[in-house]
Amino acid sequence: MPEFKYEGVDRQGKRVKGQLNAATEGDLRVLLRGQGIRPVRIGQVSLIQRDLGSLFSGGGTNVNPEEVLHFTRQLQVLIGSGVPLVQALDILADQASSANLRNLCVGVKNRVSEGSFLWEALSAFPKSFPRLYLALVRAGESSGALDQMLRRLSELKQSNSDFSD
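From a predicted model like this one, the values you see are computed outputs, not experimental measurements.

## Digging into empty space enclosed by the protein
Applying the stated criterion across every chain, the model contains one cavity of 30 Å³ or more. There is about 60 Å³ of room inside the largest cavity. Grouping the amino acids of the lining of the largest cavity by side-chain chemistry returns five nonpolar, three polar and no charged.

What follows is the structure, given as structure tokens:
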């Protein structure tokens, strides 16, 4: 799936930038409008730019630890309530407090929609999700107790602010 760079204006009138995967430029426009972003400029990222960008950035959007904790708690509540994973990620993207978190939620949702496991989709964002986090999500998915594992992860993350590799 092609990756696009975009610049736009959000609901508060702030300029936002980012990169997202979408099948077409039209699909990206629909996706951005659904997030309350009015696109101003869109361009496709070449394969060379994509590979170099992930090499130098360390891989993906950087979301601060407080946002990761909030994401984990909210996802646990939604999954525990019986909301399907893709729909839960869509809800979290709509409610995201920052453009980085919104981009992360949309990126994870797109990967899960394409057939990836949640832990695989999260692994595309190594700056935000350490290996231990990914391993625990994988264990939760494998055992069918993802909501319980997300609850434990949020408890662990809250009690240990130095939750990293």
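This is not the end of the story, as more comes after the structure.
## A closer look at the environment of Val108
On the secondary structure map, Val108 appears in helix 5 (residues 99–113). Sequence separation of Val108 and Phe125 is 17 residues, and the distance between their C-alpha atoms is 8.9 Å. Once residues within four sequence positions are removed from consideration, Val108 is found in contact with Leu89, Leu118, Ala121, Leu122 and Phe125.

## Topic: the nonpolar core
Counting 40 residues, the largest nonpolar core has Phe71 and Leu75 as its most contacted members. In terms of residue count, helix 5 provides more of this core than any other element does, six residues in total. Beyond its immediate chain neighbours, meaning those up to four positions away, Phe71 contacts Leu89, Leu92, Leu101, Leu104, Cys105, Leu122, Phe129 and Tyr133.

What counts and how
- Residues numbered from 1 in each chain as written.
- Predicted model: local features only at pLDDT ≥ 70, side-chain atom pairs only at ≥ 80, totals over all residues.
- Heavy atoms only, no water.
- 1 Å grid on protein atoms, 1.4 Å probe; cavity = no way out; pocket = protein on both sides within 12 Å on 5 of 7 lines; lining within 4 Å.
- Points joined across faces, edges and corners; volume = space filled by probe spheres on them.
- Nonpolar A, V, L, I, M, F, W, Y, C, P; charged D, E, K, R; others polar.
- Helix = DSSP H or I, 4+ residues; strand = E, 2+ residues; numbered from the N terminus.
- Contact = heavy atoms within 4.5 Å.
- Core = buried A, V, L, I, M, F, W, Y, C linked by side-chain atoms within 4.5 Å.
- Buried < 20%, exposed > 50% of the residue type's maximum accessible area, 1.4 Å probe, protein only.

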